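Close look at the chain arrangement
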Amino acid sequence: MSSLRQVRFLLGKDLRIELRKKESLVSMAFFGTLILVMLNIANGIGRQVDAETGAGILWVAIIFSSVLGLGRVFAREKENGCVAALLLSPVTAGEIYLAKTLVNFTLMLLAELVLVPVFYVLFGAQLNAAPLTLLPILLLVNLGFSTTGTLVSAISAGTRRNEVLLPILLFPLILPLTALAVKATSGALAAKPLTALLDQLEPMAAFCVVFTAAGYLLFPFAIRED
Amino acid sequence: MSTLNRTTLFPALAALLIPAAIGMVFFYAPLERTMGSVQKIFYFHLPLAFSAFLSFTVACIAGIMYLRKRQRIWDARLAASIEIGVVFTTLVLITGSLWGKPIWNTYWTWDPRLTTSLILWFIFASCLILRSAIDEEGKRATFSAVMAIIGFIDVPIVFLSARLWRSIHPTVIRTDSIGLESSMIVTLLVSMTAMLIFWVGLYKFRVALHLQEAKVNDLQTDGIR
């Protein structure tokens, strides 16, 4: 129980910093919107997209903008030597990992509250508005992206080339998750019921489980400064 | 012969066996009925793919061992196997594409095995980029060990998720039978052995090189102190 309290405490700390400075969230939503607008222009002005292309566009915008927020999660701690302070405090590395994963999960969800409506405004003319089928896909990708991303961003923040290395290390690992999400989303945008998407949702859930376990076990090695 | 010590034994063997394997591929193995001479690339493609996968397995094991023991030798083994694995996977992708163009009429398709090899290549190439970005020895070893382990965990997930698409890759070796002429099997076994011996030779060279590099580094930092 006390472990849960510590995770909640760490989560509250990070969300409070974010609420006061708003640096990650604003840049994520802004950059994601920018990508959506650029892809809309690249697609040809006034031309409609089908469900498969639309799904790809949505996920490119979400994944690329989420990396911005993810990079800050540990860079912020490194800047003032706060990682050492975190490790000295009476929390385990696993609790830090879970808290940081939840921070990133929340940031992605909040950014998607902006990006998904913008996506529908720009591309949605011929797509089925299915927010309830889209929701489980979004949640699963957020979870998988956050669990993998928190581990990788702890690694990349330990190097001198954080911003460059983070996407290079992370994107290959989450490629299966992204591919499954695109397939499931194109089904959702084509008005398929949720039960027809289980073929994609089940391996996505498996990905989340596997990488949560791997991240929890490997994170202590990635965060320790020796 | 005193020059033929343990490091040079495997390269010397590979230098004999690889030309022998090439000779067998072209003069001993029969011509495949439908694919013709194009099929002969298979005798290099499969051993390369097998050795590449072996390298990533070794990398994962070396990563786990490094995190447990913190010994320099395991980092050298990890680095060596990742390097060889990336080179071999590159060759697998090239040989596969060369075969695919005349047979499938395309260099590339999103088949599970092709997708898995490509993503593996990306993951472990990014591991090499990570290694080049860190100067501190302990940190570089720990981080690349973590990446090698999660990269290896990713493989079955990649393969399973790619299987949800479609497959046109030939399954030559199944659990119940091998769809090959016996002389083809012999040729395959010889080239497989040659490739594995070549792999061990390369691996030993690279491990020794990484250890020497670390020692030189030690001497230099001691000199500054």
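Residues numbered from 1 in each chain as written. Chains lettered and ligands numbered in written order. Predicted model: local features only at pLDDT ≥ 70, side-chain atom pairs only at ≥ 80, totals over all residues.

**Quick look at the overall build of chain B**
If you tally the helices and strands in chain B, you get six helices and zero strands. Expressed as a percentage of its 225 residues, the buried residues of chain B come to 36%. A fraction of 79% describes how many contacts in chain B between residues 6 or more apart in sequence connect residues 24 or more apart. (Helix = DSSP H or I, 4+ residues; strand = E, 2+ residues; numbered from the N terminus. Buried ≥ 20, exposed ≤ 12 C-beta atoms within 10 Å, placed from the backbone. Contact = placed C-beta atoms within 7 Å.)

**As for the overall build of chain A**
Looking only at helices and strands, chain A has eight helices and zero strands in total. Secondary structure elements of chain A, listed N to C terminal, follow the sequence α-α-α-α-α-α-α-α. The C-alpha atoms of chain A give 18 Å as radius of gyration, which agrees with the globular expectation for 226 residues (17 Å, within 12%). The dimensions of chain A, computed from C-alpha atoms along their principal axes, are 55 × 35 × 30 Å. The proportion of buried residues among the 226 residues of chain A is 46%. Pairs at least 24 apart in sequence give 85% of the contacts found in chain A among residues at least 6 apart. (Rg over C-alpha atoms; globule rule 2.2 N^0.38 Å.)

**Observations concerning the packing of helix α5 (residues 93-123) of chain A against helix α6 (residues 131-157) of chain A**
All names here are of chain A. The contact between α5 and α6 brings their axes to 9 Å, and the two run at 140 degrees. Comparing their axes, α6 and α5 come out oblique. Helix-helix and strand crossings are classified by hand; for α5 and α6 the assignment is right-handed. Judged by residue contacts, Y97, K100, T101, N104, F105, M108, L109 and E112 of α5 engage L138, N142, L143, F145, S146, T147, G149 and T150 from α6. When grouped by side-chain class, the residues that make up the contact of α5 with α6 number seven nonpolar, seven polar and two charged. (Axes fitted to C-alpha atoms, helices over the stretch in contact; angles between N-to-C directions. Parallel < 35°, antiparallel > 145°, perpendicular 65-115°, else oblique. Left-handed = near helix turned anticlockwise from the far one by under 90°. Nonpolar A, V, L, I, M, F, W, Y, C, P; charged D, E, K, R; others polar.)

**Looking at helix α2 (residues 42-69) of chain B**
Taking 1.5 Å of rise per residue, the 28 residues of α2(B) would be expected to cover 40 Å, and the 40 Å separating its terminal C-alpha atoms lies within 8% of that figure. One or two residues past the end of α2(B) sits R70(B), with phi positive at roughly 60 degrees. (Expected span 1.5 Å × (residues − 1).)

**Quick look at the nonpolar core**
Among the nonpolar cores identified, the biggest contains 123 residues, and I155(A), A222(A), L78(B), V146(B), M147(B) and A148(B) are the most heavily contacted of them. Take this core: its biggest share by element is 15 residues, from helix α7 (residues 162-189) of chain A. Excluding anything up to four places from it in sequence, A148(B) contacts A59(B), C60(B), G63(B), L78(B), I82(B) and C127(B). (Core = buried A, V, L, I, M, F, W, Y, C linked by C-beta atoms within 7 Å.)

**Describing the interface of chain A and chain B**
Contacts between the two partners involve 26 residues from chain A and, on the opposite side, 24 residues from chain B. For the side of chain A that touches chain B, the element with the highest residue contribution is helix α8 (residues 198-223) of chain A, accounting for ten residues. In terms of residue class, the side of chain A that touches chain B is built from 19 nonpolar, three polar and four charged.

**Considerations on the environment of C127(B)**
Residue and element names in this part refer to chain B. Relative to the helices and strands, C127 resides in helix α4 (residues 112-133). Classification of C127 as buried rests on a count of 28 C-beta atoms within 10 Å. For the pair C127 and I82, spaced 45 residues apart in sequence, the C-alpha to C-alpha distance is 7.9 Å.

**Focus on unusual backbone geometry**
Comment: phi is negative for the bulk of residues other than glycine, and the bulk of peptide bonds are trans. With phi around 65 degrees, A191(A) is a residue other than glycine that occupies positive phi space. One non-glycine residue, N105(B), lies in the positive phi region at around 65 degrees. Following the sequence through the fold, N105(B) ends up in the loop between α3 (72-104) and α4.

**Topic: the packing of helix α2 (residues 23-42) of chain A against α5(A)**
Residues and elements named next belong to chain A. One way to put it is that α2 packs onto α5 with a least axis distance of 9 Å and a crossing angle of 25 degrees. Considering the angle they form, α2 stands roughly parallel to α5. Judged by the sense of rotation from one axis to the other, the crossing of α2 with α5 is right-handed. Here S24, L25, M28, A29, G32, T33, L36 and N40 of α2 lie close against α5, whose contacting residues are L107, L110, A111, V114, L115, V118, F119, L122 and F123. The residue inventory of the contact of α2 with α5, partitioned by class, reads 13 nonpolar, four polar and no charged.

**Regarding helix α1 (residues 2-21) of chain A**
Helical geometry: 3.6 residues make up each α-helical turn, so side chains three or four residues apart lie on a common side. Residue and element names in this part refer to chain A. In this model, α1 (20 residues) spans 29 Å end to end at C-alpha, consistent with the 28 Å of a helix rising 1.5 Å per residue. All of the buried residues along α1 are V7, L10, D14 and E18. Along the long axis of α1, the arc covered by the buried residues comes to 75 degrees, so they all point the same way. Opposite the buried face of α1, at more than 90 degrees from it, the exposed residues are S2, R5, G12, R16, L19 and R20. In this fold, the buried residues of α1 make contact with α2 and α5. Backbone geometry just after α1 places K22 at a positive phi near 55 degrees. (Arc of directions from axis to C-beta.)

**Details of the environment of L107(A)**
Residues and elements named next belong to chain A. Its place among the elements puts L107 in helix α5. Overall, the presence of 25 C-beta atoms within 10 Å leaves L107 in the buried class. Considering only alpha carbons, one finds L107 and E23, 84 residues apart in sequence, at a separation of 11 Å. Discounting residues that sit within four places of it in the chain, L107 has contacts with E18, S24, L25, M28 and G69.

**Points about the confidence of the model for chain B**
Summarising the model, chain B shows a mean pLDDT of 86, and 88% of its residues fall at 70 or more. Scored by ipTM, the complex comes to 0.88, with pTM at 0.88. (pLDDT = per-residue confidence, 0-100.)

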